[in-house]
Each structure stands twice: as C-alpha cells, then as structure tokens.
Amino acid sequence: MSLYNEHVKKEYIQRKAQLFIDFGGELFISKIFVQSYNYENVINKDLFDFTKEEIMNLYLMFRTKSVFYLSSINTIINHYITWAIERGYSTNKESPTKNIKETDLNACISPIAKNKTIITEDELYITANAISLN
C-alpha cells in the first residue's frame, strides 16, 4: 500500500480511524489515501495542502456515481486536513473542503457510472452502515 507522506497518514489513521467506524474505519480511510496517492505525487503535495480545485479534481478521479459516497469522502478528507492544520503539518489556514457544497459534488459524478446500476463495494458498505444507523 503506497501512501504519500506515509508517516503522517499512518499517524492519522492510528489516531482517528475509530471516529469513522460507521464508514468502515481504518480500511475506508486507507482506501481514500491509496486512491489519492498518484494525484498527490503528480502535484507533489499532501492532501492536507490541496486547494478546493485540487480536491475537486481528485473527486473526479474517483469516478463514482454516488453523491453520498463523495460526501463521505469529503467528510473524512475535511477531518484529515483539519487535523493536519491543528498539528502544524498544513500550510492551509482552514480546510477547503468546508466550502464544497452538494452541487460541487454533483459536478464530480461520473456520467458513465451514473448510468450503470452496479455499485462499488465501498458504496455498498457505506450505504448499509447508514441504513443500520437509522
């Protein structure tokens, strides 16, 4: 498993995975970091220093059809960036994810995936957990 700025991300996962147990905890957070790895390498910076535009580009790369799924990812990334800011890892003053609205997330939905009835394992897991909480 490749992670950009691995020691920081592992520290975050160890300390915070329990907060997101309803989303799949450590496994789901790790998957987000693994998926962001290539883009972080291309632009040569950690997710915690991304701009809103860079985060939106990352969301487009997820190629999902679910706003709920992207919203879950956005929540976790927001928490990660805020945590990194509090520890002085990030140059951001606040998380740019706070300015991402549902309409922004809708713009990141893959038109190809939207027309398919197949859902990913992550989407199924998150949806099942959300239903069981209600």
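This is a predicted model, so every value here is computed, not measured. (Residues numbered from 1 in each chain as written. Predicted model: local features only at pLDDT ≥ 70, side-chain atom pairs only at ≥ 80, totals over all residues. Heavy atoms only, no water.)

As for the overall build of the chain
Scanning the chain from terminus to terminus reveals 7 helices and 0 strands. Written out in order from the N terminus, the α and β elements of the chain read α-α-α-α-α-α-α. Nonlocal contacts in the chain, meaning residues at least 24 apart in sequence, comprise 70% of its contacts between residues at least 6 apart. Total accessible area on the chain is roughly 7,700 Å²; 52% of this is exposed by carbon and sulfur atoms. (Helix = DSSP H or I, 4+ residues; strand = E, 2+ residues; numbered from the N terminus. Contact = heavy atoms within 4.5 Å. Areas by Shrake-Rupley, 256 points an atom, 1.4 Å probe, with all protein chains shown as cover.)

Observations concerning the packing of helix H1 (residues 6-16) against helix H4 (residues 67-86)
Closest axis-to-axis distance for the H1/H4 pair is 11 Å, and the angle between their directions is 110°. In terms of axis orientation, H1 runs roughly perpendicular to H4. For the pair H1 and H4, contact is made by Val 8, Lys 9, Glu 11, Tyr 12, Arg 15 and Lys 16 and by Ile 76, His 79, Tyr 80 and Trp 83, respectively. Tallied by class, the residues present in the contact of H1 with H4 amount to 5 nonpolar, 1 polar and 4 charged. (Axes fitted to C-alpha atoms, helices over the stretch in contact; angles between N-to-C directions. Parallel < 35°, antiparallel > 145°, perpendicular 65-115°, else oblique. Nonpolar A, V, L, I, M, F, W, Y, C, P; charged D, E, K, R; others polar.)

A word on the packing of aromatic side chains
Inspection of the entire model under this criterion finds 11 aromatic pairs. Ring centres of Phe 28 and Tyr 69 lie 5.9 Å apart, and the angle between their planes is 65°; this geometry places the pair in the edge-to-face category. Of the two residues, Phe 28 sits in helix H2 (residues 25-43) while Tyr 69 sits in helix H4, which places them 41 residues apart along the sequence. The same class applies to Phe 28 and to Tyr 69, which are both buried. By way of ring pairs, the aromatic residues Tyr 12, Phe 33, Phe 48, Tyr 80, Trp 83 and Tyr 89 are connected into one cluster. Cation over ring: Lys 9 sits above Phe 33, and NZ or CZ is 5.3 Å from the ring centre. (Phe/Tyr/Trp six-rings, centres within 6.5 Å; stacked < 30°, edge-to-face > 60°. Buried < 20%, exposed > 50% of the residue type's maximum accessible area, 1.4 Å probe, protein only. Lys NZ or Arg CZ within 6 Å of the ring centre and 35° of its normal.)

A closer look at helix H3 (residues 52-61)
All of the buried residues along H3 are Glu 54, Ile 55, Met 56, Leu 58 and Tyr 59. Positive phi appears at Arg 63, one or two residues downstream of H3, with a value of about 50°.

A closer look at unusual backbone geometry
A positive phi angle is found at Asn 5, which is not glycine, with a value near 55°. Overall, Asn 5 belongs to the partly exposed group, its relative accessible area being 25%.

By themselves, these are just geometric observations and shouldn't be taken as functional.
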